[in-house]
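Survey of secondary and tertiary structure
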Amino acid sequence: MKSIAELEEIRKRTLQRINLRREDKESEVRVVVGMATCGIAAGARPVMMAFVDEIGRRHLSQVTVSQTGCIGMCRLEPMADVFLPGEEKVTYVNLDADKARRIVAEHVVNGRPVTEYTIGNAENNKQQA
Amino acid sequence: MRDISLHLMDLAQNSIAAGARLISVDLALDDNGVLTMRITDDGRGMTPEAAQRALGPFATTRTTRKVGLGLPLTQANARLTGGDLTIASAPNEGTTVTCTFYTRHIDCLPLGDLAQTIAALVAAHPDGPDIELSLTSPKGESAFGTAETRDILHPVPLDTPEVIAWITQSLREQTDVLFGGER
Ligand SMILES: Nc1ncnc2c1ncn2[C@@H]1O[C@H](COP(=O)(O)OP(=O)(O)O)[C@@H](O)[C@H]1O
Ligand SMILES: [Mg+2]
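Residues numbered from 1 in each chain as written. Chains lettered and ligands numbered in written order. Predicted model: local features only at pLDDT ≥ 70, side-chain atom pairs only at ≥ 80, totals over all residues. Heavy atoms only, no water.

Observations regarding the nonpolar core
Note the cut-off: The set of buried Ala, Val, Leu, Ile, Met, Phe, Trp, Tyr and Cys residues whose side-chain atoms join them within 4.5 Å is what this entry labels a nonpolar core. Throughout this description, buried means an accessible area under 20% of the type-specific maximum (1.4 Å probe, protein chains only), exposed means over 50%, and partly exposed covers the range between. For helices the rule is a DSSP run of H or I covering at least 4 residues; for strands it is a run of E covering at least 2, with both sets numbered from the N terminus onward. What makes two residues a contact is simply this: any of their non-hydrogen atoms within 4.5 Å.
In this structure, Val 33, Met 48 and Phe 51 of chain A together with Leu 27, Met 37 and Phe 179 of chain B are the most contacted members of the largest nonpolar core, which totals 80 residues. Tallying contributions element by element places helix α4 (residues 114–124) of chain B first for this core, with nine residues. Dropping the residues within four chain positions of it, Phe 51 of chain A is found in contact with Val 31, Val 33, Val 65, Ala 80, Leu 95, Ala 100, Ile 103 and Val 104 of chain A.

In structure tokens, the structure reads:
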């Protein structure tokens, strides 16, 4: 196992930040990734870790990533919901790691949903086809 | 399912859904290339009949889809190699799911990214259930536990990005050493 000393270092480095994060539940952004069998088989795990990694890289301390079970739309997996404070949830479908990173950059950071990856867009395309 | 680490991800979701507070994951590779993966939880458990039914392809307590999938699918992939999946469970006590894979069989799935499975479970559930991971192979053994890690970090939470990166990297080093040669 990598050394415990490294963990102690991480603790010291990150200690100040956690207070900021705890204080402000109001401005919390939530990303919820579907993690049932169908989601996992379709690639939900790397999608989730791309969200986690991109959020970490950008030091977005007000964002939490969590997971949920099957919501019964297996063919649209991997899926994720993004909740911005005071706004309607946006559901993204057929995700991959690159799409997840783009959602962090454009939606989580700049507040502009990536329309082409949303469930609404996927359903429209299906109707036209 | 593309690899064994994704089956583990899926089986761990069952334990989480069952309200487990502790999930123990043991992976042991023996000299003959037999990989035993055992997941033990202290969740709500199942009656023997329910455990039996869970291995048929039509059992689920979920309401969004009528058929369960995870356990039968994992069992099928274990059996393809000559191995199996068995369930030992008791209501209100917990569940142990044991899978054996003959890794030298041509149809055996690769192990996959075990480190990412554990890191993803921790990232999504920083406050528990606790995970105890134990890895054994002819090359040695190692262990990782969220409870100790949380104690060392306190009050820094486990889902801090640097911590998740540390868990991923250290487990990757371990799995490379222990399971590196074997797929
Ligand atoms: N660790 C566990 N503890 C308690 N019940 C379990 C556990 N694993 C599986 N089960 C039961 O077996 C059922 C089938 O599991 P599974 O094949 O993974 O399908 P699914 O998770 O999609 O329902 C679950 O719905 C649950 O009722
Ligand atoms: Mg399941």
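Considerations on the packing of aromatic side chains
Residue and element names in this part refer to chain A. For clarity, the threshold we go by: Side-chain rings of Phe, Tyr and Trp, where Trp is taken by its six-membered ring, are said to pair if the distance between their centres is within 6.5 Å; with planes under 30 degrees apart they count as stacked, over 60 as edge-to-face, and otherwise as tilted. A positively charged side chain is recorded as over a ring if its NZ (Lys) or CZ (Arg) lies within 6 Å of the ring centre. The angle to the ring normal must also be within 35 degrees.
Tallied over the full model, the rule gives zero aromatic pairs over all chains. Sitting above the plane of the Phe 83 ring, Arg 30 keeps its charged end 4.4 Å from the centroid. Geometry around Tyr 117 places Lys 99 over its ring, the cationic atom sitting 5.3 Å from the centre.

Considering the sheet that holds strand β1 (residues 22–29) of chain B
All names here are of chain B. Put simply, the rule is: Here, any two strands with at least 2 DSSP bridges between them count as paired. Axes here refer to lines fitted to C-alpha atoms; in helices the fit is confined to the stretch in contact. Angles between the N-to-C directions go from 0 to 180 degrees.
The sheet built from six strands is open, its strands ordered β3-β4-β2-β1-β5-β6 with mixed pairing. Each edge of the open sheet carries a strand with a single partner, namely β3 (85–90) and β6 (140–145). Looking at each pair of strands side by side, their axes are set apart by 10° on average, direction ignored. Each of β3 and β4 (94–102) is contacted by helix α3 (residues 70–80), which is oriented at about 30° to β4, the strand it contacts most. Taken strand by strand, α4 contacts β1, β5 (130–137) and β6, and its axis lies near 170° from that of β5.

Re α4 of chain B
With eleven of its eleven residues buried, α4 of chain B lies for the most part within the structure. Within the sequence span of α4 of chain B, burial applies to Leu 114, Ala 115, Gln 116, Thr 117, Ile 118, Ala 119, Ala 120, Leu 121, Val 122, Ala 123 and Ala 124 of chain B.

A look at the sheet that holds strand β4 (residues 90–92) of chain A
Strand pairing in a sheet takes place through backbone hydrogen bonds and is either antiparallel or parallel in direction. Residue and element names in this part refer to chain A. With mixed pairing, four strands are arranged side by side in an open sheet as β2-β1-β3-β4. Each edge of the sheet is formed by a strand with only one pairing partner; in this case those strands are β2 (63–68) and β4. Pairwise comparison of adjacent strand axes, ignoring direction, gives a mean angle of 20° for this sheet. In the sheet, strand β1 (residues 29–34) pairs with β2 via six bridges, with the strands oriented parallel. Bridging from a neighbouring strand, Val 32 pairs with Ser 66 of β2.

A short note on the pattern of salt bridges
All names here are of chain A. So the rule is basically this: Definition used for salt bridges: Asp or Glu carboxyl oxygen within 4 Å of a side-chain nitrogen of Lys or Arg.
Across all of its chains, the model carries twelve salt bridges over all chains by this definition. Among the ionic pairs, Glu 54 bridges to Arg 58, the shortest N-O distance being 2.8 Å. Accessibility expressed as a relative area gives 3% for Glu 54, which makes it buried. Owing to a relative accessible area of 34%, Arg 58 belongs among the partly exposed residues under this scheme. Taken together, the salt bridges that share partners define one network made up of Asp 53, Glu 54, Arg 57, Arg 58 and Arg 101.

Purely geometric numbers; function is a separate question.
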